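What follows is the residue order along each chain.
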Amino acid sequence: MTEYINLQLSKKRHPKLVNYFESFEGTPLQALEALLAQTQMQQKIIDERGDILEDFTRLLKPELLQLRLALRATEKQTWMLTQIKNTELYEREVLHPDQPFPKAKTLADYRTEPYAILESKWKDMLTTIRQERAERASYEMEKWEEGLK
């Protein structure tokens with residue numbers, strides 16, 4: 001073990017360290033001691049978090065096992081459903097091409113359908129309003145003509 005350690009830091013190679021030592025209020029030895037204390041504190045925090053994580057995983061292991069089994073069962077069921085779907089597609093498209101599947105609606109169809117309904121209802125409403133106004137105007141004209149006679 002050596003008794004002395006000489007350090008030389010250049011601004012070009014280690015600008016952050018040089019800036020830290022220059023901005024630190026105290027001697028370079030005190031700066032190194034502060035860095036060492038900060039590192040030890042962070043190491044303690046990391047160790048505590050590791051312990052908490054170990055305890056948490058120990059508590060959750062049974063639930064994680066159940067989740068894995070459920071996920072595996074779901075994957076098997078999904079695979080079976082896709083096989084059934086593929087079989088149905090094969091039967092429809094290859095064995096019975098005269099009975100194709102109905103065309104699936106796209107997102108654009110779902111978006112435009114309510115607007116089309118609204119537009120048709122809006123047009124119907126406008127035509128009924130125009131008819132009512134025309135009837136009212138003709139009624140007023142008849143009334144006015146009767147008043148002239």
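Structure shown above.
All residue numbers refer to position in the chain's written sequence, counted from 1. Two thresholds apply to this predicted model, a pLDDT of at least 70 for residue-level local features and 80 or more for giving and counting side-chain atom pairs, whereas whole-chain, interface and lining totals are computed over all residues. Only heavy atoms go into the side-chain values, all of them from the structure, while hydrogens and water stay out.

Visitor: Account for the overall build of the protein chain, with residues named and values stated.
Guide: The helix and strand inventory of the protein chain stands at three helices and zero strands. Whereas a compact globule of 149 residues would reach a radius of gyration of roughly 15 Å, the protein chain reaches 41 Å, over 25% beyond that. C-alpha atoms of the protein chain, sized along the principal axes, occupy 125 × 65 × 35 Å. Looking at the 149 residues of the protein chain, the share that counts as buried comes to 1%. For the protein chain, the accessible surface area stands at approximately 15000 Å², while carbon and sulfur atoms represent 59% of it. A run of H or I in DSSP counts as a helix once it spans at least four residues, and a run of E counts as a strand once it spans at least two, with each numbered from the N terminus. Restricting the calculation to C-alpha atoms gives the radius of gyration, and the globule rule supplies 2.2 Å times the number of residues raised to the power 0.38. Accessible area is worked out with a 1.4 Å probe on protein chains only. A residue is then buried under 20% of its type maximum, exposed over 50%, and partly exposed in between. Surface accessibility in these figures is a Shrake-Rupley result with a 1.4 Å probe; residues are shielded only by whichever protein chains are displayed.

Visitor: Any chance you could break down the pattern of salt bridges for me, citing the residues and the numbers?
Guide: Every case where a carboxyl oxygen of Asp or Glu lies within 4 Å of a side-chain nitrogen of Lys or Arg is listed as a salt bridge. One pass over the full model with this rule turns up two salt bridges. Of the charged contacts, one joins Lys11 and Glu22 as a salt bridge, the two residues approaching to 3.5 Å between their closest N and O atoms. Remark: Glu22 occurs in helix H1 (residues 15-23) and Lys11 occurs in the segment before H1; sequence separation between them is 11 residues. Here Lys11 and Glu22 have matching classes, each one exposed. Between Arg58 and Asp55 there is a salt bridge whose closest N-O contact spans 3.2 Å. In this pair, Arg58 and Asp55 are both assigned in helix H2 (residues 28-95), three residues apart and thus about one turn of the helix distant.

Visitor: For the packing of aromatic side chains, give the residues involved together with the corresponding values.
Guide: Only Phe, Tyr and Trp rings take part, Trp by its six-membered ring, and two of them pair if their centres are within 6.5 Å. Stacked means planes under 30 degrees apart, edge-to-face means over 60, and tilted covers everything else. Overall, the coordinates contain two aromatic pairs when judged by the stated rule. Ring plane angle 70° and centroid distance 6.0 Å describe the contact between Tyr20 and Phe21, whose orientation is recorded as edge-to-face. Residue classification places Tyr20 among the partly exposed residues on the basis of a relative accessible area of 26%. For Phe21, a relative accessible area of 22% gives the class partly exposed. The rings of Tyr20, Phe21 and Phe24 are connected pair by pair, giving a single aromatic cluster.

Visitor: Please set out a nonpolar patch on the surface residue by residue, giving values where relevant.
Guide: Every patch collects residues that have over 30% relative accessible area and no salt bridge, joining them within 9 Å if they carry like charges and within 5 Å if they are nonpolar side chains (Val, Leu, Ile, Met, Phe, Trp, Tyr). Side chains of Ile5, Leu7 and Leu32 sit close together on the surface and give an oily, nonpolar patch of about 340 Å² of accessible area. Along the polypeptide, Ile5 turns up in the segment before H1.

Visitor: Before we move on, can you summarise a negative patch on the surface with the specific residues and values?
Guide: On the surface, a cluster of negative charge is made up of Asp47, Glu48, Asp51 and Glu54. Inspection of the secondary structure assignment puts Asp47 in helix H2. Overall, Asp47 belongs to the partly exposed group, its relative accessible area being 40%. Charge convention: Lys and Arg are scored as positive, Asp and Glu as negative, and His as well as the terminal groups of each chain are ignored. One atom stands in for each charge, and that atom is NZ of Lys, CZ of Arg, CG of Asp or CD of Glu.

Visitor: An account of the environment of Ala137 is requested, with residue identities and associated values reported.
Guide: Within the secondary structure, Ala137 sits in helix H3 (residues 107-148). Placed 92 residues apart in sequence, Ala137 and Ile45 show a C-alpha to C-alpha distance of 85 Å.

Visitor: Go over the environment of Glu88 with me, naming the residues and quoting the values.
Guide: Along the polypeptide, Glu88 turns up in helix H2. Judged by relative accessible area, Glu88 falls into the partly exposed class, the value being 41%.

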